[in-house]
Amino acid sequence: MSRTEAPPLPEPLRVPVADSHTHLDMQDATVEEGLARAAAVNVTTVIQVGCDVQGSRWAAETAAAHASVYAAVALHPNEAPRIVHGDPDGWSRQEARGPGGKAALDEALAEIDRLAALDQVRGVGETGLDHFRTGPEGMAAQEESFRAHIEIAKRHGKALVIHDREAHADVLRVLADAGAPERTVFHCYSGDAEMARICADAGYYMSFAGNVTFKNAQPLRDALAVAPAELVLVETDAPFLTPAPYRGRPNAPYLIPVTLRAMAEVKGVDEDTLATAINENTARAFDY
């Protein structure tokens, strides 16, 4: 089986559900094809997530053009240091960039703020902290950007969508210190059961991706087991994190049923019950 070949369509869900985090702009299919495949398996809503100014504009435009799409806009945690300090390797799918300093970051954040006011934009994210890809020199820019996004989300009454990679304690510290928005979503939840209890106490939503199906992901399954049903979401983060048994092949919103069925097994509930809860949770989290 080719690693580049798209996995087959799974059996459709009986209850409609939403993909709370996807990147249609990074997938091979056209938006229309991607949405049609998703709809064919009863994935009826997707949240298209921006990671930089350009991607956030695209997310807002795409959501405006398609009734089943809502947008989230942000500077990814790894984008903020690249704006400030430069990106000589063009790592972020953009051309090589020189350092722009604080002025460039402020300008980019002003554009995210403008986009966040749009009706079809229901989330501010993905923002947060990433200690895996950004070194100590980028931490200050990353945290400054994260705090600015928290304020943008609160100002416009939008959900905050968090990217937390190997930065659990610092993310929770900033949220507590800055005051989290009313609706906060941990995208691609990566903490353990203890952190899930902390998130639950704070009322934070936890969105689980295809990696919850991976063999080595028992701590994630333990977290899902204790996460309250009313705070659980499902996502693809496509084209990344394709669920087993298709790990390593391209992910897309139509594969949500594979992850949702694995999650239902962990929660000890039938898939219809979980899909119903997740659909209601996603609509509540993103206020649509």
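Visitor: So what's going on with the overall build of the protein? Which residues, and what values?
Guide: Assigned secondary structure in the protein consists of ten helices and eight strands. For 288 residues, the compact-globule estimate of 2.2 N^0.38 gives 19 Å, and the C-alpha radius of gyration of the protein, at 18 Å, lies within 12% of that figure. A burial count over the protein gives 56% of its 288 residues as buried. Taking the contacts inside the protein whose residues are at least 6 apart along the sequence as the reference set, 72% of them involve residues at least 24 apart. Put simply, the protein shows about 11900 Å² of open surface, and 52% of that area lies on carbon and sulfur atoms.

Visitor: How would you summarise the pattern of salt bridges if you had to cite specific residues and measurements?
Guide: One side chain can pair with another of opposite charge once the charged atoms of both are near each other. Summed over the entire model, instances satisfying the criterion amount to 15 salt bridges. Between Asp 272 and Arg 14 there is a salt bridge, with its nearest N and O atoms 3.0 Å apart. On the criterion of sequence distance, the pair formed by Asp 272 in helix H10 (residues 271-286) and Arg 14 in the segment before strand E1 (17-22) is long-range, its members being 258 residues apart. In this structure Asp 272 comes out as partly exposed when scored by relative accessible area, which is 22%. The exposed category is assigned to Arg 14, whose relative accessible area is 60%.

Visitor: Run through the nonpolar core, naming residues and quoting values.
Guide: Phe 146, Leu 175, Phe 186, Tyr 189, Phe 208 and Met 263 are the most contacted members of the largest nonpolar core, which has 83 residues in total. The leading source of residues in this core is helix H4 (residues 101-116), at six residues. Each residue touching Leu 175, except ones within four places of it in the same chain, is listed here: Phe 146, Ile 150, Leu 160, Ile 162, Ala 180, Thr 184, Phe 186 and Tyr 204.

Visitor: Which residues make up the packing of aromatic side chains, and what are the values?
Guide: A ring pair, where both rings are aromatic, is described by two values, the distance of the centres and the angle of the planes. Under the definition given, this model contains three aromatic pairs. Relative to Tyr 288, the ring of Tyr 70 lies with its centre 4.6 Å away and its plane at 20°, an arrangement referred to as stacked. Within this pair, whereas Tyr 70 is found in strand E3 (residues 69-73), its partner Tyr 288 is found in the segment after H10, the two being separated by 218 residues in sequence. Looking at Tyr 288, the relative accessible area reads 29%, which means it is partly exposed. Both rings, one in Phe 186 and one in Tyr 204, keep their centres 5.8 Å apart while their planes meet at 35°; by these two values the pair is tilted. With Phe 186 in strand E6 (residues 184-186) and Tyr 204 in the loop between helix H7 (193-202) and strand E7 (205-208), this pair connects stretches of sequence that are 18 residues apart. Overall, the relative accessible area of 1% leaves Phe 186 in the buried class. We classify Tyr 204 as buried; its relative accessible area is 9%.

Visitor: How would you explain the side chain of Thr 259 if you had to name every residue and give the values?
Guide: Mapping Thr 259 onto the fold places it in helix H9 (residues 256-267). What makes Thr 259 buried here is its relative accessible area of 2%. Residue contacts for Thr 259: discarding those within four places in its chain leaves Phe 208, Ala 209, Gly 210, Val 212, Thr 213, Val 234 and Pro 243.

Visitor: Lay out the state of the cysteines in plain terms, naming residues and giving numbers.
Guide: Counted by the stated rule, this structure contains zero disulfides. Free of any disulfide, Cys 188 has its nearest cysteine sulfur in Cys 51, 12 Å distant. Between Cys 199, a free cysteine, and Cys 188, which holds the nearest cysteine sulfur, the sulfur-to-sulfur gap is 13 Å. For Cys 199, a relative accessible area of 0% puts it in the buried group.

Visitor: Would you mind going over unusual backbone geometry in detail, with residue names and values included?
Guide: Cis geometry marks the peptide bond from Gly 125 to Glu 126; its omega dihedral reads 20°. As for its position among the elements, Glu 126 is in strand E4 (residues 121-130). Within the chain, Asp 287 stands out as a residue other than glycine whose phi angle is a positive 55°. Take Asp 287: it is sitting in the segment after H10. With a relative accessible area of 48%, Asp 287 lands in the partly exposed category.

Visitor: Requested: an account of the packing of helix H2 (residues 53-65) against H4, with residues and values cited.
Guide: Taken N-terminus to C-terminus, the directions of H2 and H4 make an angle of 10°; their axes are 10 Å apart at the nearest point. Viewed along their axes, H2 and H4 adopt a mutual orientation that is roughly parallel. Facing Val 53, Ser 56, Arg 57 and Ala 60 of H2, the residues of H4 in contact are Ala 108, Glu 111, Ile 112 and Leu 115. Along the lines of polarity and charge, the residues of the contact of H2 with H4 split into five nonpolar, one polar and two charged.

What counts as what
Residues numbered from 1 in each chain as written. Predicted model: local features only at pLDDT ≥ 70, side-chain atom pairs only at ≥ 80, totals over all residues. Heavy atoms only, no water. Helix = DSSP H or I, 4+ residues; strand = E, 2+ residues; numbered from the N terminus. Rg over C-alpha atoms; globule rule 2.2 N^0.38 Å. Buried < 20%, exposed > 50% of the residue type's maximum accessible area, 1.4 Å probe, protein only. Contact = heavy atoms within 4.5 Å. Areas by Shrake-Rupley, 256 points an atom, 1.4 Å probe, with all protein chains shown as cover. Salt bridge = Lys/Arg side-chain N within 4 Å of Asp/Glu carboxyl O. Core = buried A, V, L, I, M, F, W, Y, C linked by side-chain atoms within 4.5 Å. Phe/Tyr/Trp six-rings, centres within 6.5 Å; stacked < 30°, edge-to-face > 60°. Disulfide = S-S within 2.5 Å. Axes fitted to C-alpha atoms, helices over the stretch in contact; angles between N-to-C directions. Parallel < 35°, antiparallel > 145°, perpendicular 65-115°, else oblique. Nonpolar A, V, L, I, M, F, W, Y, C, P; charged D, E, K, R; others polar.

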